[in-house]
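Listed below, chain by chain, are the residues.
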Amino acid sequence: MEKKEIKYEDKKSNLNLENRKKLVLSGVIEVMSFNEERITLNTSLGTLDIKGEGLKMNKLDVQNGDVIIVGTVNSCIYIGDTIKKKKDGLISRLFK
């Protein structure tokens, strides 16, 4: 049986926000930065910037790309196009 490698571009990406208190995400490639007011994620659809209050990551499954965030979510914004995993990302360019 041949093992098929799944590319980031082929993974589904979902964003489900429940009552602005629970955000369930799939298609996450890496967590770029996080604190209680802002979480920045690299996803298969681009960089996702989440802002809110009391934000915490309840579940982080790096292998499958699943993340659950709880707290008060004020905004979710995609920045730019699809970003492949690389060292020179948006955040590193901003803080040179």
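Residues numbered from 1 in each chain as written. Predicted model: local features only at pLDDT ≥ 70, side-chain atom pairs only at ≥ 80, totals over all residues. Heavy atoms only, no water.

In the annotation of an unreviewed UniProt entry, the entry for the chain reads Sporulation protein YabP, and the organism field reads Clostridium oceanicum.

The backbone of asparagine 19 shows a phi angle near 50°, a positive value even though the residue is not glycine. Looking at the secondary structure, you find asparagine 19 in the loop between strand S1 (15–18) and strand S2 (22–25). Taking relative accessible area as the criterion, asparagine 19 reaches 73% and is therefore assigned exposed. Positive phi outside glycine occurs at arginine 20, with the angle close to 60°. Within the secondary structure, arginine 20 is located in the loop between S1 and S2. (Helix = DSSP H or I, 4+ residues; strand = E, 2+ residues; numbered from the N terminus. Buried < 20%, exposed > 50% of the residue type's maximum accessible area, 1.4 Å probe, protein only.)

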